[in-house]
Amino acid sequence: MNRLTLTDFSLRHPLFVILAVLLVTVLAALQFPNVHFDNDPENMLSEDEFVRLFHHETKQKFGLYDFVIVGIVNEDNPDGIFNVETLQRVDLLTHQLLSLRKGSNGLGEVITDRSGTAWKTVDLNPTSQFKRLMNIAFRHNPNRMFDADGNSAVIGQELMSPSVVDNIKQAGMGSLKLEYLMEHVPTTREEALVIRDDAMNNPLFKGILVSEDSKAVCIYVPISEKSFSYNVAALVTELTKSWTGSDKVHIAGLPVAEDTFGVEMLVQMATSAPLAMLILFIIMLVFFRRIALIIPPLLLAVITVVWSMGLLIGLGFDVHIMSSMIPIFIMPITVCNSIHVLSEFFDSYRRFQNKTTALKHVMHELFMPMLYATITTIAGFASLATTPIPPVRIFGLHVAFGVTAGWLLTMTFVPAFIKMFISEKSLQKLCAVSSGADGCEVNIGLMGRAMRWMGIMTYKRSTAILFITVLVMGFSIFGISLIKVNDNPVKWFTEDHPLRIADTVLNDHFDGTYTAYLTLSGTPNQTKTCREEAAAIRNEAKARFETLLPDATRMFLSDMDQVESNFNRANQSDPNRCFVELTKRAADIDRQFGSSWTNLADGVNYLDSENLTFDILKQKVLAIDGVKKEDSDVLMQKLEPHSSLTGTELLNAALAVCDNFTALSFEEFVYEMKAEVTAPVFKRPEVLNYIERLQENLMQQGKVGKTTSAVDALKKASYELNYSAIEPGMSQQQIEQRDQMNKEFYSIPDSSAAIGQVYIQLEGMKKKDTLFHLVSRDYEEANIWVQLTSGDNQDMNDVVLDVQRFISENPPPVPLNAQWAGLTYLNVVWQEKMVLGMLSSLASSYIVVLVMMLILFRSGWFGLLSMVPLTVTITFIYGLIGWVGKDYDMPVAILSAMTLGLSVDFAIHFLERGREMYKRMGNWMETNAGMFNEPAKAISRNAIVIALGFTPLLLAPLVPYRTVGFFLAMIMLLSWLATLLILPALIRKLENRLFNNKMNASINGTHEKEGVK
Amino acid sequence: MKNIKLLIMVGILAITVFSASAADLTADEIVSKANQASYYAGKDGSAKAHMELSDGRTRDFVILRKNTENSADQKFYVYFNGPADVRKMAYLVWKKPSGDDDRWLFLPALNLVKRIAPGDKRTSFVGSDFYYEDVSGRGLDADMHELIETTDTQYVVKNVPRDPSTVEFSSYTVWIDKDTFLPRQAEYTDAGGVVYRRLTADDIQIIQGYATSMKQKAEDIKTGSSTVITFSEISYDQGFQDQIFTERFLRRPPREATR
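Here, residues in each chain are numbered from 1, in the same order as that chain's written sequence. The lettering of chains begins at A and the numbering of ligands begins at 1, in the order of writing. Selection of residues for local features in this predicted model requires a pLDDT of at least 70, selection of side-chain atom pairs for listing and counting requires 80 or more, and totals for whole chains, interfaces and linings are taken over all residues.

(A) Local environment of the overall build of chain B. What counts as a helix is a DSSP run of H or I of at least four residues, what counts as a strand is a run of E of at least two, and both are numbered from the N terminus. Along the backbone of chain B there are 5 helices and 13 strands. Here the globule rule reads 2.2 Å times residues to the power 0.38, and the radius of gyration is calculated from C-alpha atoms. Expected size for 259 residues packed as a compact globule is a radius of gyration near 18 Å; at 18 Å, chain B falls within 12% of this value. Taking the principal axes of the C-alpha coordinates as reference, chain B spans close to 55 × 50 × 35 Å. With C-beta atoms placed from the backbone, a residue is buried if 20 or more other C-beta atoms are within 10 Å of its own, exposed if 12 or fewer are, and partly exposed between those counts. Across the 259 residues in chain B, those meeting the buried criterion constitute 37%.

What follows is the structure, given as structure tokens:
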């Protein structure tokens, strides 16, 4: 087995090779119909990743869904969206979305008007034939809005829209109204404005459902699966397309962004990859002139892509945002190899005038550099397999596979193809046309002159080059320190994309469309023992009863001691059993000390209020059973000042007197204490006050537009329940007092029982369970909705740190466990993992490449030298990213692997061939001139082809593809410059050291013996 | 007094026997009898209720009811014993099938009586899967009734709302026992024709001559949540005074509710 084995075989059996390649390609292509697409960035994390599990647990626990956010904006109407027409539209759209059902033909059906009797079919198939074709090719069914059981993608009961969200408000006569915010669609301006005022008065709506400037309203459409979001968004667009006038519809939300990216990614893949092929074709045509000659590299690129993607699909992996980039990465690398071959072949053919001989010569010459360049590239990508991000692992391994396949095909398929399909005649004709030192090349003059000039310059100005390099490196290293790690799926779209516009517009009107959930939970099962509770109860009992009922208090306290010691002795400290026992004893005490007043109050309560006067009352009170005479005397005595009252008023006054005494009930006291001490964490006033402070603190953070918690719902409900209306005839002062009083009720009630009683009102609204989006059903866990105006990971991260700081500086009254969930937060986590993963994989593959270079060159100096271009390139690229403030995001991170492979490729070719030539020339000055002939031109061609070949990506509507396109060009340019400027300058300086005693060392010992036959 | 009761019981028995044999009742008549059987038994009635939600939450309350003579109006008093934090909370409802109900609410810890403005009766009863309307009864005129099937033991009646915009269902079907006229099951269907909600009444016992369901269940099929109410200490015809169904008794619960 030697370096020509593969090529020899291919030249002997070209047909076999071509057929074999064809067969494998067909097999790979056959896998394509099984393709599954995965647009979910969540899959950047392993399925068993803690935050991801927690995110789903949180969604489950608090009944949260992914939302498609439909923003309706009216900038023109003076009332904003609060006009009859817009609200009618919002209402109809809401009910249409709620009505979505699967028709008999599989298409969606929605109602046509609010009566709900007439239905229409909605076909979301695009009208453009091209888009239809793409949908078929990518198995995207635009009408897929139902699950396997035919259920609508829209979770109806969780949809949030003015038409279907509960509101509490005052109705006339001091009564409370519980109804939907827009219970009835307004027909007049006045009615529309009532809805506006109601919305603005509810903290759960203001800034979330309706914007504070009244110009925008949002419908939050919950979907059962994220993958429905693109189609549901399309449905909304379809249903609102007939809207004329000033109402503008914007669709936003991370799920839509992610899903849309997925769909557009496919279109992108299908358009930009072929376009890149076309440009590669044209540039190579310019360089090599013969179509027949440039077909093999292009074919090779296509074949490797088909193989890699076929393998990916065949192995059952989904095509993810990452893996969709595989073709774009494989193509330049494989094309790169075959351009080396073609360039060399051009020159050799001129020499040998026989394609078999020329090919063997080329393969012999290039075998080692290509092998090592390939292995280093493979190492670069395969190292991604060490990252903790599954799609990145899959991506890395498949690119590595593609590169391997590309190398193999270069060794076999390219020679076989040339042998079979390109006639000697056409080659001779081609070369006969051209003349001069550069043989078949067309643009001899320009590139030849440029190379010659460059060569001379590197020799003469080596010090200056190295000095500039050092400066640039210093500048770059500083730039790296400025790098911001950040990503935001919405920013994957260009600024003129409807989603980006929606994002800007809605975040402008609202307090943020990026939601994260901050969950807080108490320490589980922190049941107090009887002893702990007893201490609290004892103190309270003394405070309340001791002065008024000293004897009873003594008895109660001694009863408590007994109960406590009984239960502690039995090792049963279940507080509930303690309370049962204590309640019994307390009731006994009440019977002993307070039954007279209880009986009196009860008797009075049942008296007939009709015709009741003070005197009649006096008689009737005496007739009540079980009442001490002195107690009824006290009652009547205290009622004396109100003796003019009659009827119900008199009765109420009597009862009010009784209340003072019946309130001294030990039984009631025990019940009350039980409610307080056994209250779950998020019914405790001190904890809720803490949440309130935490929310206030969050609002200090610039990127948080709004926070919503159970506390907000509680305060609003407490206010409305306690509200007392301004009565006619009140003085200004009274009105102010009343206002002040009402305002004070906008607060957290001060006992667990009061909190519990307000909460239970919220539990039972028109739409039950809305409260449980904010607090768990057992009130042991709370969920704060944090709305950010930016989906940038950096901003989310700042918020996380801020909360951490607040909690550590302000310890909560009971130990609380804080944990984040939500898509905005998930992105932060995988981003962090990716950066660290990429860094370590870059570092490890850097070392692997270095070791390989040392082995390849069998020389420490050459090994180190070969690392220079890629080191400079990577440093400069990342330095530049830092300087221009471009976020270090997913595509940028992946590019580091690319750089490693491509830059070292140039260096290997340059150094290996330089060393060969030095052996013949014996000094660097002549070698340098030689190197800046054919070898430098081959490298330059390569750089130009790849850099230009990927310019179509710059036109892509998706930013990550643009980034890749731009940086590919940058990498090529830099690696090219670094290889052709820095390397020769360094060699010039290190000539003695490099070539001293190493004259005979070469890449391969057999080199000398092998000749070209 | 005893004689009167006996007379009523005989009368009811007679009606029952008569109706069981009468195969040609109209849907409206069946529904009317069912309404009578499930919401109007006796002159008044009281029961202890233990409510259990599928998520583990519970509510314990006593419910008092009093019919009005010569009218479909009724008064309800609901007094909560537990859980601890809502102890002594009370609701008062004056049900008026022909108009808007009057509703009051007493929150002891806030020392607050609040009137609830008339509104949608299909709102959750204290966070359960039951609606207020399920507890107090739906107006007979609100729906159009159609007898769609008569089995050996049951009438099956389909009800379509006269004003679909006021309710979340498009129709509901009720299975009514022929012998007691107690509705045993109701299924609510949405616009897509899917059954999304089910009420069932089980454990039928004859108490003071009145067939009474001791266990009722409401299920939300879409979300999978359900609520079961188990009744105990049911008693009819205690002669409740009107005054215990007034605001005054919200703050100070009647003995009938606390004993």
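Once you've had a look at it, read on.
(B) Spatial organisation of the overall build of chain A. Helix and strand counts for chain A come out as 35 helices and 14 strands. Expressed as lengths along the three principal axes of its C-alpha atoms, the size of chain A is roughly 135 × 70 × 50 Å. Split into buried and exposed, the 1013 residues of chain A put 49% on the buried side. In this description, a residue-residue contact is defined by the distance between C-beta atoms placed from the backbone, which must lie within 7 Å. Of the contacts made within chain A by residues no fewer than 6 positions apart, 79% connect residues no fewer than 24 positions apart.

(C) Geometry of the pairing of strand E4 (residues 108-111) of chain A. All names here are of chain A. Burial of the side chains of E4 is restricted to one face: Gly 108 and Val 110 are buried, whereas none of Glu 109 and Ile 111 on the reverse face is. Pairs of strands are assigned from DSSP output, requiring at least two bridges between the strands. Summarising the sheet, strand E3 (residues 101-102) and E4 pair through 2 bridges and their orientation is antiparallel. Its bridge partner being in E4, Arg 101 is matched across the sheet by Glu 109. Sheet analysis places E4 next to strand E5 (residues 119-122), joined by 4 bridges and oriented antiparallel. Among the inter-strand pairings, Glu 109 is bridged to a residue of E5, identified as Thr 121.

(D) Layout of the packing of helix H7 (residues 229-240) of chain A against helix H8 (residues 254-288) of chain A. Residues and elements named next belong to chain A. Axis lines are fitted through C-alpha atoms, for helices just across the contact stretch, and the angle between N-to-C directions can take any value from 0 to 180 degrees. Orientation of H7 relative to H8, taken along the N-to-C sense of each, is 100 degrees, at an axis distance of 8 Å. It follows from the interaxial angle that H7 and H8 lie roughly perpendicular. On H8, the residues touching Ser 229, Tyr 230 and Ala 233 of H7 are Pro 255, Val 256, Asp 259, Thr 260 and Val 263. In this classification, the charged set is Asp, Glu, Lys and Arg, the nonpolar set is Ala, Val, Leu, Ile, Met, Phe, Trp, Tyr, Cys and Pro, and all remaining amino acids, among them Gly, are polar. Residues that form the contact of H7 with H8 fall into these classes: 5 nonpolar, 2 polar and 1 charged. Should an angle fall under 35 degrees it is taken as roughly parallel, and over 145 as roughly antiparallel, whereas 65 to 115 is taken as roughly perpendicular and any remaining angle as oblique.

(E) Fine view of the interface of chain B and chain A. Opposite the 33 residues of chain B that make contact, chain A presents 43 residues. Ranked by residues supplied to the side of chain B that touches chain A, first place goes to strand E6 (residues 112-116) of chain B with 4 residues. Of the residues in the side of chain B that touches chain A, the class split is 14 nonpolar, 8 polar and 11 charged. Sheet topology places strand E7 (residues 175-180) of chain A next to E6 of chain B; 2 bridges connect them, and they run parallel. Directly across from Ser 175 of chain A, in E6 of chain B, lies its bridge partner Arg 115 of chain B.

(F) How the structure looks around the packing of helix H24 (residues 666-677) of chain A against helix H28 (residues 752-763) of chain A. Residue and element names in this part refer to chain A. At a minimum axis distance of 8 Å, the contact between H24 and H28 shows a crossing angle of 75 degrees. Here H24 is positioned roughly perpendicular relative to H28, judged by the angle of their axes. Where H24 approaches H28, its residues Glu 672, Ala 675 and Glu 676 are matched on the opposing element by Ser 752, Ala 753 and Gly 756. Its residues placed into classes, the contact of H24 with H28 shows 2 nonpolar, 2 polar and 2 charged.

(G) Summary view of the environment of Pro 108 of chain B. Residue and element names in this part refer to chain B. When you line up the elements, Pro 108 lands in the loop between strand E5 (102-107) and E6. The sequence separation of Pro 108 and Lys 88 amounts to 20 residues, and the corresponding C-alpha distance is 6.3 Å. Contacts of Pro 108, omitting those with residues within four sequence positions, involve Lys 88 and Met 89.

(H) Highlighting helix H23 (residues 647-662) of chain A. Residue and element names in this part refer to chain A. Taking 1.5 Å of rise per residue, the 16 residues of H23 would be expected to cover 22 Å, and the 22 Å separating its terminal C-alpha atoms lies within 8% of that figure. Buried residues of H23: Leu 650, Leu 651, Ala 654, Leu 655, Val 657 and Cys 658, and no others. The buried residues of H23 occupy an angular sector of 160 degrees when the element is viewed end-on, so they sit on one face. A helix's residues, less one, multiplied by 1.5 Å, set its expected span. Each C-beta atom gives one direction from the helix axis, and the arc is the one those directions make.

(I) Region of the structure containing the sheet that holds strand E9 (residues 247-252) of chain A. Residue and element names in this part refer to chain A. Strand order in the open sheet formed by 3 strands is E8-E2-E9, and the pairing between neighbours is antiparallel. Two strands bound the open sheet, and with one partner strand each, they are strand E8 (216-223) and E9. Adjacent strand axes in the sheet meet at a mean angle of 20 degrees, parallel and antiparallel pairs treated alike. The pairing of strand E2 (residues 66-74) with E9 spans 6 bridges and is classified as antiparallel. Each residue of the ladder has a partner; that of Ile 72, found in E9, is Val 249. Where helix H16 (residues 498-509) meets the sheet, it contacts E2, E8 and E9, and its direction lies at approximately 105 degrees from that of E9.

(J) Fine view of H24 of chain A. Residue and element names in this part refer to chain A. In this model, H24 (12 residues) spans 16 Å end to end at C-alpha, consistent with the 16 Å of a helix rising 1.5 Å per residue. The element H24 is largely enclosed, with a buried count of 9 among its 12 residues. What H24 keeps buried is the set Phe 666, Phe 669, Val 670, Tyr 671, Glu 672, Met 673, Lys 674, Ala 675 and Glu 676.

(K) Spatial organisation of the sheet that holds strand E14 (residues 816-821) of chain A. Residue and element names in this part refer to chain A. As summarised here, the arrangement of the 4 strands in space is E12-E13-E11-E14, forming an open sheet in which the pairing is antiparallel. A single partner strand is all that each edge strand has here, and the edge strands are strand E12 (704-708) and E14. Neighbour to neighbour, the strand axes of the sheet diverge by 25 degrees on average, direction disregarded. Note that strand E11 (residues 514-522) and E14 share 6 bridges and pair antiparallel.

(L) Just the nonpolar core, in detail. By definition, a nonpolar core groups buried Ala, Val, Leu, Ile, Met, Phe, Trp, Tyr and Cys residues that connect through C-beta atoms lying within 7 Å of each other. By size, the foremost hydrophobic cluster in this structure holds 336 residues, and its most contacted members are Val 68, Val 221 and Val 232 of chain A together with Tyr 77 and Ala 90 of chain B. The biggest single contributor to this core is helix H35 (residues 959-995) of chain A, with 20 residues. When residues no more than four places from it in sequence are discounted, the contact partners of Val 221 of chain A are Phe 67, Val 68, Val 70, Leu 97, Val 154, Leu 159 and Val 232 of chain A. Among the nonpolar cores identified, the runner-up in size contains 14 residues, and Leu 600, Ala 601, Val 627 and Leu 655 of chain A belong to it.

(M) Region of interest: the environment of Tyr 230 of chain A. Residues and elements named next belong to chain A. Structurally, the position occupied by Tyr 230 is in helix H7. Owing to 26 C-beta atoms within 10 Å, Tyr 230 belongs among the buried residues under this scheme. Sequence separation between Tyr 230 and Phe 579 is 349 residues, and the spatial gap between their C-alpha atoms is 56 Å.

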